[in-house]
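Single-letter residue listing:
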Amino acid sequence: RDWYAHLTAERPDIDRVALRPEYDGIRWETGPDADAAFAAWTEGRTGYPVVDAGMRQLAATGWMHNRVRMITASFLVKDLLVDWRRGERWFRHLLADADIPQNAGNWQWVAGTGPDAAPYFRVFNPTLQSRKFDAAGDYIRRWVPELAGLDDRTIHAPHEAAPLDLAAAGVTLGDDYPFPIVDHAAAKEETLVAYKTALDLARA
């Protein structure tokens, strides 16, 4: 908290520019497809249950646990390749504990653009994070109740569930719950290329 407060006093533009300026050369996704992906993220309908649970909790309560903040932020930036500033503004709009230094500083940490940031190639796998930190699926069942009938493993990735298991749980993908809006593995590779390209251009 104090670190980001002092940093913001020194850099009041912390919510507007990358504090490692080479990352302002990233070519973020823009246009209708990016807007649709951003809307799906804000509304908790990405097809990744832990992300959707977090975004629905945020909308309903104005709060979510720091771990889920990191997961949802990483998903926006590094799975959807949407500019971290859009996510920062959305969080700030909804968070009951919204604070520009904390919010912007932590978004830059997740995005890899801040002075103390996680390396850009650190990308949260939402399914693995979900299984590690919500092993029994209780958090998902609370905020994504349409998946409550799935077992403790498949609830984290319903798109990987067998059709009979989905049917037994009363889940029809594409109807009751969306298919994933991106493939995590493919999205990660695209993001790494976008970041590396920005770095290479900055160093040229």
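One can find the structure itself at the top, above this paragraph.
A brief report on the enclosed structure follows. (Residues numbered from 1 in each chain as written. Predicted model: local features only at pLDDT ≥ 70, side-chain atom pairs only at ≥ 80, totals over all residues. Heavy atoms only, no water.)

Quick notes on the overall build of the protein chain
The helix and strand inventory of the protein chain stands at ten helices and zero strands. Going from the N terminus to the C terminus, the protein chain shows its helices and strands as α-α-α-α-α-α-α-α-α-α. The C-alpha radius of gyration computed for the protein chain amounts to 17 Å, which stays within 12% of the reference 17 Å derived for 204 residues, consistent with globular compactness. Overall, the C-alpha framework of the protein chain stretches about 55 × 35 × 30 Å when taken along its three principal axes. Sorting the 204 residues of the protein chain into buried and exposed places 50% on the buried side. When the accessible area of the protein chain is evaluated, it comes to approximately 9,900 Å², of which 54% is carbon and sulfur surface. Averaging the locations of the 23 positively and 30 negatively charged side chains of the protein chain gives two centres separated by 5 Å. (Helix = DSSP H or I, 4+ residues; strand = E, 2+ residues; numbered from the N terminus. Rg over C-alpha atoms; globule rule 2.2 N^0.38 Å. Buried < 20%, exposed > 50% of the residue type's maximum accessible area, 1.4 Å probe, protein only. Areas by Shrake-Rupley, 256 points an atom, 1.4 Å probe, with all protein chains shown as cover. Lys, Arg positive; Asp, Glu negative; His and termini not counted. Charge placed at Lys NZ, Arg CZ, Asp CG, Glu CD.)

Let's talk about the environment of Asp200
By secondary structure assignment, the location of Asp200 is in helix α10 (residues 184-203). Along the backbone, Asp200 and Gly25 are 175 residues apart, and their C-alpha atoms lie at a distance of 9.9 Å.

Structural notes on the side chain of Thr191
With respect to the helices and strands, the residue Thr191 is situated in helix α10. The buried category is assigned to Thr191, whose relative accessible area is 1%. Apart from residues lying up to four places away in sequence, Thr191 is in contact with Val77, Lys78, Asp79 and Leu81. (Contact = heavy atoms within 4.5 Å.)

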